[in-house]
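Summary of structural features
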Amino acid sequence: MTISKFKKVKCLTCNKEFDITLKTKPFCSKRCSNVDLNNWLGERYAIQANEIDYDKDI
Ligand SMILES: [Zn+2]
């Protein structure tokens, strides 16, 4: 009676299946979570990098 106690979901980063009870959900690992985050931030940064000048006179 212990079958299908755990559900499997696919990692958004690497498509590997992992247990849904993992705390890193929806990613299989902290690393994949970071990869996705970096991709997301990286894209935003790339878009804004040309327009923002962080070295203005403070
Ligand atoms: Zn993954």
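Residues numbered from 1 in each chain as written. Predicted model: local features only at pLDDT ≥ 70, side-chain atom pairs only at ≥ 80, totals over all residues.

1. Some details on the overall build of the chain
- If you tally the helices and strands in the chain, you get one helix and two strands.
- Along its sequence from the N terminus, the chain presents helices and strands in the succession β-β-α.
- The proportion of buried residues among the 58 residues of the chain is 5%.
- Counting contacts in the chain only where the partners sit at least 6 residues apart, residues at least 24 apart contribute 3% of the total. (Helix = DSSP H or I, 4+ residues; strand = E, 2+ residues; numbered from the N terminus. Buried ≥ 20, exposed ≤ 12 C-beta atoms within 10 Å, placed from the backbone. Contact = placed C-beta atoms within 7 Å.)

2. A few points about the confidence of the model for the chain
- For the chain, mean pLDDT is 83; residues scoring 70 or higher make up 74% of the total.
- When the elements of the chain are averaged for pLDDT, helix 1 (residues 30–49) gives the smallest value, 84, and strand 2 (residues 17–19) the largest, 95. (pLDDT = per-residue confidence, 0-100.)

3. Some details on the environment of aspartate 36
- Summarising the element assignment, aspartate 36 is placed in helix 1.
- Along the backbone, aspartate 36 and threonine 13 are 23 residues apart, and their C-alpha atoms lie at a distance of 6.3 Å.
- Setting aside residues no more than four positions away along its own chain, aspartate 36 makes contact with Leu12, Thr13 and Phe27.

4. Points about the environment of lysine 7
- Within the fold, lysine 7 resides in the segment before strand 1 (8–10).
- C-alpha of lysine 7 to C-alpha of phenylalanine 18: the two residues are eleven residues apart in sequence and 8.2 Å apart in space.

5. Focus: the environment of serine 29
- Relative to the assigned elements, serine 29 resides in the loop between strand 2 and helix 1.
- Exposure remark for serine 29: the 15 C-beta atoms within 10 Å place this residue in the partly exposed category.
- Between the alpha carbons of serine 29 and cysteine 11 there is a distance of 8.4 Å; along the sequence they are 18 residues apart.

6. Considering unusual backbone geometry
- Backbone torsion omega between lysine 25 and proline 26 reads 5°, so that peptide bond is classified as cis.
- Examined against the element boundaries, proline 26 turns out to sit in the loop between strand 2 and helix 1.
- With a phi close to 65°, asparagine 15 is a non-glycine residue in the positive phi region.
- Take asparagine 15: it is sitting in the loop between strand 1 and strand 2.

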